[in-house]
Amino acid sequence: MPRGPEIYSAVNVTNISGFMDPKFRKPLVILFVSSTDSVEFARLSWALSRSAVVGLDAEWKPTRVQQSTFPTVSLLQIACRLAIPLDGESTEDLLVFLIDLLALPLPSIWELLSDLFVSPAVLKLGFRFKQDLKYLSSTFSSQGCDPGFDRVEPFLDITSIYSYLQPKQLGRRTKETKSLATICAEVLGISLSKELQCSDWSCRPLTKEQKIYAAADAHCLLEIFAVFQLKVGREDNCSHNVAELQSRNLHCGLKEILEAEAVSCCRVIRNFFPEASSIIRATAFSDFPKRVHIEDGVFSTTSCRYSIPMHESLFKIVRNYGEKIILKETDKKPKTSKRKGKRQSSTGAICREKRGGSSDDWQGLPPWDLSLGGDGCPKFLCDVMVEGLAKHLRCVGIDAAVPLSKKPESRELIEQAHKEKRVLLTRDAKLLRHDYLLKNQIYKVRSLLKNEQLLEVIETFQLKICEDQLMSRCTKCNGRFIQKPLTTEEAIEASKGFQVIPNCLFNKNIEFWQCMDCNQLYWEGTQYHNAVQKFIDVCKLN
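This structure is a prediction, so every number in the text was calculated from the model and none was measured.

Asks: Please clarify how the overall build of the protein chain should be interpreted in this entry.
Replies: Check the secondary structure of the protein chain and you find 15 helices and 16 strands. Looking at the protein chain as a whole, 44% of its 542 residues qualify as buried. Accessible surface for the protein chain amounts to roughly 30100 Å². Of this, 51% is attributable to carbon and sulfur atoms.

Asks: I tried to follow unusual backbone geometry on my own but got confused; where do I start?
Replies: Glycine aside, residues mostly have negative phi angles, and peptide bonds mostly take the trans form. Residue Pro-147 follows Asp-146 across a cis peptide bond; omega there is 5°. At the junction of Arg-204 and Pro-205, the peptide bond is cis and its omega measures out at 0° in the coordinates. Checked against the element boundaries, Pro-205 lands in the loop between helix H5 (180-187) and helix H6 (208-248). Despite not being glycine, Gln-462 has its phi angle at roughly 50°, a positive value. On the secondary structure map, Gln-462 appears in the loop between helix H13 (450-460) and helix H14 (488-495). Look at Met-471: it is not a glycine, yet its phi comes out positive at around 55°. Structurally, Met-471 can be placed in the loop between H13 and H14.

Asks: Could you clarify how one ought to interpret the packing of helix H1 (residues 39-48) against helix H2 (residues 106-118) in this entry?
Replies: The relative placement of two packed helices comes down to the angle between their axes together with the axis-to-axis distance. Interaxial distance between H1 and H2 falls to 12 Å at its minimum, and their mutual angle equals 20°. It follows from the interaxial angle that H1 and H2 lie roughly parallel. Judged by the sense of rotation from one axis to the other, the crossing of H1 with H2 is left-handed. Of the residues in H2, those touching H1 at Phe-41, Leu-44, Ser-45 and Leu-48 are Ile-109, Leu-112 and Leu-116.

Asks: Looking at this structure, how should I read the sheet that holds strand S11 (residues 379-382)?
Replies: The pairing of strands in a sheet comes from backbone hydrogen bonds and takes either a parallel or an antiparallel form. With respect to topology, four strands assemble into an open sheet ordered S12-S11-S13-S14, the strand pairing being parallel. If you trace the sheet from one side to the other, it starts and ends with strand S12 (399-401) and strand S14 (442-444), each paired once. Here the strands of the sheet are splayed against their neighbours by 30° on average, with no regard to which way each runs. On the sheet, helix H12 (residues 410-420) packs against S11, S12 and strand S13 (423-426) and is oriented at approximately 170° with respect to S11.

Asks: I keep staring at the packing of H2 against helix H3 (residues 129-141) and nothing clicks. Help me out?
Replies: Here H2 crosses H3 at 145°, and the two axes come no closer than 11 Å. The crossing of H2 and H3 is left-handed. Contact residues: Leu-106, Ile-109, Trp-110, Leu-113 and Phe-117 in H2; Leu-133, Leu-136, Thr-139 and Phe-140 in H3. Residue classes in the contact of H2 with H3 are distributed as eight nonpolar, one polar and no charged.

Asks: When you look at the nonpolar core in this model, what are you seeing that I'm missing?
Replies: Note that soluble globular proteins tend to have their nonpolar side chains buried in a common cluster. Counting residues in each nonpolar core, the largest one holds 45 residues, and the members touching the most others are Leu-180, Ile-224 and Phe-225. With twelve residues, the top contributor of residues to this core is H6. For Leu-180, the contacting residues outside a window of four places in its chain are Phe-127, Ile-158, Leu-192, Lys-194, Asp-217, Cys-220, Leu-221 and Ile-224.

Asks: Help me out: how do you make sense of the pairing of strand S5 (residues 94-100) in this one?
Replies: Regular strands place their side chains on alternate faces of the sheet. The buried count for S5 comes to seven of seven residues, which makes it a mostly enclosed element. Residues Leu-94, Val-96, Leu-98 and Asp-100 of S5 are buried on one face, and the alternating residues Leu-95, Phe-97 and Ile-99, pointing to the opposite face, are buried as well. With five bridges joining them, strand S2 (residues 28-33) and S5 adopt parallel strand pairing. Across the sheet, Ile-30 pairs through a bridge with Val-96, a residue of S5.

Asks: Explanation requested: the confidence of the model for the protein chain in the structure shown.
Replies: Low-confidence regions, as indicated by low pLDDT, have predicted coordinates that should not be scrutinised in detail. Residues at a pLDDT of 70 or more form 72% of the protein chain, whose mean pLDDT is 77. Low pLDDT, under 50, characterises residues 338-360; the predicted model gives this stretch 14 contacts beyond four residues in sequence or across chains.

Asks: What's the story with H12 in this structure? I'm lost.
Replies: Three- or four-residue spacings in an α-helix give side chains the same orientation, since the helix completes a turn every 3.6 residues. Residues Leu-413, Ile-414, Gln-416 and Ala-417 constitute the buried set of H12. On an axial view of H12, the arc spanned by its buried residues comes to 165°, and they lie on one face. What points out from H12, more than 90 degrees from its buried face, is the exposed set His-418 and Lys-419. Contacts from the buried residues of H12 go to S11, S12 and S13. Positioned one or two residues after H12, Lys-421 has a phi angle of 55°, which is positive.

Asks: Quick question: what am I supposed to make of H14 here?
Replies: Among the residues making up H14, those that are buried are Thr-488, Ala-491 and Ser-495. Along the long axis of H14, the arc covered by the buried residues comes to 60°, so they all point the same way. Structural note: H14 exposes Glu-489 and Glu-493 on the side pointing more than 90 degrees away from its buried face. In the core, the buried residues of H14 are packed alongside strand S15 (512-514) and strand S16 (521-523). A positive phi of about 70° marks Gly-497, the residue just after H14.

Asks: Is there a simple way to explain the pattern of salt bridges in this structure?
Replies: Where charged atoms from two side chains of opposite charge approach closely, those side chains can pair. Overall, the coordinates contain eleven salt bridges when judged by the stated rule. The partner of Arg-151 in a salt bridge is Glu-153, with the nearest N and O atoms 2.2 Å apart. Overlapping salt bridges bring together Asp-399, Glu-420, Arg-422 and Arg-473 as one network.

Asks: When you look at the pairing of S2 in this model, what are you seeing that I'm missing?
Replies: The buried count for S2 comes to six of six residues, which makes it a mostly enclosed element. Alternating positions in S2 separate into two faces, Leu-28, Ile-30 and Phe-32 on one and Val-29, Leu-31 and Val-33 on the other, with burial throughout.

Asks: Even after reading the chapter, I still don't get the packing of aromatic side chains, so can you show me in this structure?
Replies: Both the distance between ring centres and the angle between the ring planes are used here to describe each pair of aromatic rings. A complete count under the given rule lists 16 aromatic pairs for this structure. Aromatic side chains Trp-60 and Tyr-135 sit 4.7 Å apart centroid to centroid with 80° between the ring planes, which places their arrangement in the edge-to-face category. Separated by 75 residues along the polypeptide, Trp-60 in strand S3 (residues 51-60) and Tyr-135 in helix H3 bring together distant segments of the chain. Each member of the pair, Trp-60 as well as Tyr-135, is classed as buried. Ring geometry for Phe-380 against Phe-461: centres 5.1 Å apart, planes inclined by 75°, an arrangement best described as edge-to-face. Here Phe-461 lies in the loop between H13 and H14 and Phe-380 lies in strand S11, a separation of 81 residues in the sequence. Of the two residues, Phe-380 and Phe-461, both sit in the buried class.

About the cut-offs
Residues numbered from 1 in each chain as written. Predicted model: local features only at pLDDT ≥ 70, side-chain atom pairs only at ≥ 80, totals over all residues. Heavy atoms only, no water. Helix = DSSP H or I, 4+ residues; strand = E, 2+ residues; numbered from the N terminus. Buried < 20%, exposed > 50% of the residue type's maximum accessible area, 1.4 Å probe, protein only. Areas by Shrake-Rupley, 256 points an atom, 1.4 Å probe, with all protein chains shown as cover. Axes fitted to C-alpha atoms, helices over the stretch in contact; angles between N-to-C directions. Parallel < 35°, antiparallel > 145°, perpendicular 65-115°, else oblique. Left-handed = near helix turned anticlockwise from the far one by under 90°. Contact = heavy atoms within 4.5 Å. Pairing = 2+ DSSP bridges. Nonpolar A, V, L, I, M, F, W, Y, C, P; charged D, E, K, R; others polar. Core = buried A, V, L, I, M, F, W, Y, C linked by side-chain atoms within 4.5 Å. pLDDT = per-residue confidence, 0-100. Arc of directions from axis to C-beta. Salt bridge = Lys/Arg side-chain N within 4 Å of Asp/Glu carboxyl O. Phe/Tyr/Trp six-rings, centres within 6.5 Å; stacked < 30°, edge-to-face > 60°.

Structure, rendered in structure tokens:
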């Protein structure tokens, strides 16, 4: 298979700050497919024929109002874990293809995707992928590819995997709805940023950050499945060990049993699959009109383009845990509810009436205004949806607090904002309903990216930012710095048992600053100068 140019050859996701923590050690190859004549498209077809597990995800331009048609999918991500590494190189057994559905003629790839979605030789992974499939089907149908897509199987939802990985507890378990970022944090121990989720995916060209974000979303599905597969394999081995010990110990005395168990710890138990299991496996996928062939403990299909056979361990997972997504005719049309629409519109009218205007525009004076008895110093409270904005505001010298608890209720946010005389910044439209309780103290941030959010707040509240204010607050706790800088000796003494100061700073004439609230130490190093220059550019202080 020829190797062509790649947009991101061997991109290491661990080096992309803000997207993932250093947990994925293998380099991740990202290929952007925008033409059927390209090398990337040829590699896509080649990789799909050699993958037993793929992760699926899709992106589209977000809509703020209900529409009569489904959104048009702009990008389809397919993460492949190759059964055979590319050209024998183990470093490229993970590929993520970003398929540009706005550039490609959809009829040219419809058959390829249709075969993938129903191939019994490929397990598909997704996170609540039914909605994605609805939008994909609508997008392809609008381009003459009727009837679009109506099923995906075998399929395994990441939410089902997450439920299985949770420790079993006695009593009734409550079903929790977890986000993909939360599942990644709990299962993989990594931080998956969702900052670009609602960016405009219809805009071309996509930014480098958008491509990395999209690839990471699909790639993490494979990593979560790998944890699940390992746990299932361990449990199967334990059950086989117990079964063998029970069969061997059936006619043995206590002495023979103890001796045999001691010896079994040092043995490797091999599993042999009889002909009966092959018969079961041959009929497991009777829904698919394909001939199934069994050979050497694996199964394959003769009429499917995906020719790499599925391994026995993977087949067991499909047989025991596999699901399928089937779209009905009612699923292919957007659901509209006139009754719900009327209720929402009346609620919105009441809220607008109580606020005395549009919820999108800031009106009136902020609580820190001198005419209202304030001290003239802007103060904000950023809820959990805009916590990143809080750090940006602190970097430019603005007092920006965060909720006192990790999962605050609306009542707690309102009480904190009222008590501390702050403007509550949020992206949660539901909080605007409480605007009558906090007059001129709730503002909904429109922008999605942190830099744009910062500029929006500065412009809306007419904040005055100067270069002397930059990095004048603790980004960790929002506290103020001490008035007089510390010497190196004083900083070393203050950091004992609390913070490590790099040895390379000892011989330099550097001033240290300490937060008066959390005692965090700061110094004017490379990161400091880079941050200052960043916010000079963002705020256009030049």
